[in-house]
Amino acid sequence: MRLLLCGCLAASLHAQAFSSDALKNPAVARALESVAPRQQAIVEDWIRLTEIPSPSGGEQKRAEWIRGELSRIPSLSDIKTDSMGNVSAVRRGSGGGRSLVFAAHMDTVFPASTPIRVQREGKLLKAPGIGDCTGNLIAVLELFRALDRGQVKTKGDLIFLATVQEETRLKGANEWLRGSGYRPDHFAAVDIGLGNVWYGAFRISRLRFRYTSSGSHTLFSRGLANPAKAVAKAITDLYAMPLPQVEPGLEEMKLPVLNVGMIGGGTVVNAIPREAWFTVDLRSLDSATQDRLESSVARIARAAADAERVGFHLEKPDGNDFDYSKARPRQERQGHPFVKTAVDVMNHFGAAGPAGSKAIDAGSTDANVGVSLGIPSIAIGAIRQQGAHTLEESAEADSIATGVKVLIALAVATAGI
Ligand SMILES: [Zn+2]
């Protein structure tokens, strides 16, 4: 079985391996050459879009701007905004090729009131949301403009997708992939830094534990049960829980991992709190490990409540994680020609620097939804960025030209010309 699988993969890899000859096609060459002269105009669009506030669930202004730009690209059809606010468009292929979605998200983690003025410091652009994901979104838009400038005709369909609410459990991508009626052959979330290729999907559980009591004035509190003590015990015990060995090959990410990110409770200094709580963000690479860890976490948290004789409530504020029962096994995802093509394309343009591009079994982007549905899915990046999710976020202005070329090459290599 194993030999058979390897044989199949080798054959399909060979059939779809990236060849730089495809880039010599006159239309593709025109598209690639059209990017550098546009560098300044692309950066101007990038700045304009970054300065439109777009918190998760409040992406409408960005969506309108995107729609306006899409309407000026002649080859696009089916330009749509769905009920949740995702904006999509189809660039129809001539037939006989594989379809590919390029998705980037419109939302940022910053509230609408956050001041956003893009500052230029040398080659750096600085602003909240400049990298995650505005730069990537602009690169995807420019990909479709460039294909038109070169008059590139692909065999497979290419789909533009600007999603909403990626930062809140990938809600937009989930809605589009399950509800649009379009089942793509490949899905690329353009949402990370330029260089590596992610082909996985982290399992993510967000848990909230609440401990309750009837409360009491400090003067009468001696010896009574206290939810704050239960929180302290639970957190101490959780961090003492042995985790499986760190998964290799994930660069600086160390998984499996659990993190207590929020803690709270009580209303006054001189009483036992009626309630105290904390949250756990739990992540691992596969469903079996995740299920096992989640049960252990819940058991330890409950034992703390029992030991302290307080009430116990386990909540999942964001609901359950995606159902990954249809996801392809790790080896199959890793060996898929789409992943190999993306790595080859990155290396062709030197996108990852001298170290070269790596395929990594990671994922916390819109591509997770594709992985859960068994669609060959990757996360890639089209810009070099730093400090995502912080007010000090920055990106390298020049990197986007390389990023757009990477997207052009990936599009033609995958959809065929
Ligand atoms: Zn993002």
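1. Quick word on the overall build of the protein chain
Phase 1: On a plain count of helices and strands, the protein chain comes out with 12 helices and 19 strands.
Phase 2: Dimensions of the protein chain along its principal axes, counting C-alpha atoms only, are 85 × 55 × 40 Å.
Phase 3: Burial analysis of the protein chain (417 residues in total) assigns 53% to the buried set.
Phase 4: When the accessible surface of the protein chain is summed, it comes to about 18500 Å², and 53% of that surface belongs to carbon and sulfur atoms.
Phase 5: Between the mean site of the 48 positive side-chain charges and the mean site of the 44 negative ones, the protein chain shows a separation of 2 Å.

2. Considerations on the packing of helix α2 (residues 26-33) against helix α5 (residues 130-150)
Phase 1: Closest axis-to-axis distance for the α2/α5 pair is 7 Å, and the angle between their directions is 130 degrees. With respect to α5, the axis of α2 lies oblique. Between α2 and α5 lies a crossing whose hand is right-handed. Along the contact surface, α2 presents Ala27, Arg30 and Ala31, while α5 presents Ala146, Leu147 and Gly150.

3. Overview of the side chain of Asp107
Phase 1: Relative to the assigned elements, Asp107 resides in the loop between β3 (100-105) and β4 (119-121).
Phase 2: Despite its burial, Asp107 remains without a salt bridge, the nearest opposite charge being carried by Arg62 at 7.9 Å.
Phase 3: Among the polar contacts made by the side chain of Asp107, one reaches the main-chain amide nitrogen of Glu166 at a distance of 3.0 Å.
Phase 4: What Asp107 contacts, discounting residues up to four positions off in sequence, is Ser54, Pro55, Ser56, Glu59, Asp132, Thr163, Val164, Gln165, Glu166, Glu167 and Thr168.

4. Examining the environment of Gly350
Phase 1: Here Gly350 lies in the loop between α10 (337-348) and β16 (359-360).
Phase 2: On the basis of relative accessible area, Gly350 is assigned to the partly exposed category, the value being 40%.
Phase 3: On a C-alpha basis, the gap between Gly350 and Thr402 in space is 8.7 Å, while along the polypeptide they are 52 residues apart.

5. What about the pairing of strand β14 (residues 275-284)?
Phase 1: Most of β14 sits out of view: 8 of its 10 residues are buried.
Phase 2: Examined bridge by bridge, strand β9 (residues 203-212) and β14 share 10 bridges and lie antiparallel to one another. Opposite Arg203, over in β14, you have Ser284 as the bridge partner.
Phase 3: Where strand β11 (residues 257-259) and β14 come together, 3 bridges link them in antiparallel fashion. Bridge pairing in β14 places Val257 opposite Arg283.
Phase 4: Bridge count for strand β12 (residues 263-265) against β14 is 3 bridges, and the pairing is antiparallel. In the strand pairing of β14, Ile263 is matched with Phe278.

6. What about the coordination of the zinc ion?
Phase 1: Summarising the metal site, the zinc ion is bound by the protein donors His105 (NE2), Asp132 (OD), Asp191 (OD) and Asp191 (OD), whose distances to it range over 1.9 to 2.7 Å.
Phase 2: In primary sequence terms, the donor set of the zinc ion follows H-x26-D-x58-D. Of this pair, His105 sits in strand β3 while Asp132 sits in helix α5; the two residues are 27 residues apart in sequence, bridging distant segments of the chain.
Phase 3: Under the relative-accessibility criterion, Asp132 is labelled buried at 9%.

7. Comments concerning the packing of aromatic side chains
Phase 1: Within the structure shown, the criterion is met by 7 aromatic pairs.
Phase 2: By way of ring pairs, the aromatic residues Phe209, Tyr211, Phe278 and Phe312 are connected into one cluster.
Phase 3: The ring of Tyr324 is capped by Arg203, whose NZ or CZ atom sits 3.9 Å from the centre of that ring.
Phase 4: For Arg208, the ring lying beneath its charged end belongs to Trp277, and the centroid distance is 4.6 Å.

Definitions and limits used
- Residues numbered from 1 in each chain as written.
- Predicted model: local features only at pLDDT ≥ 70, side-chain atom pairs only at ≥ 80, totals over all residues.
- Heavy atoms only, no water.
- Helix = DSSP H or I, 4+ residues; strand = E, 2+ residues; numbered from the N terminus.
- Buried < 20%, exposed > 50% of the residue type's maximum accessible area, 1.4 Å probe, protein only.
- Areas by Shrake-Rupley, 256 points an atom, 1.4 Å probe, with all protein chains shown as cover.
- Lys, Arg positive; Asp, Glu negative; His and termini not counted.
- Charge placed at Lys NZ, Arg CZ, Asp CG, Glu CD.
- Axes fitted to C-alpha atoms, helices over the stretch in contact; angles between N-to-C directions.
- Parallel < 35°, antiparallel > 145°, perpendicular 65-115°, else oblique.
- Left-handed = near helix turned anticlockwise from the far one by under 90°.
- Contact = heavy atoms within 4.5 Å.
- Salt bridge = Lys/Arg side-chain N within 4 Å of Asp/Glu carboxyl O.
- Polar contact = N/O pair within 3.5 Å; in protein donor to acceptor, adjacent residues only side chain to side chain.
- Pairing = 2+ DSSP bridges.
- Donors = N, O, S within 2.8 Å, 3.2 Å for Na, K, Ca; no water.
- Phe/Tyr/Trp six-rings, centres within 6.5 Å; stacked < 30°, edge-to-face > 60°.
- Lys NZ or Arg CZ within 6 Å of the ring centre and 35° of its normal.

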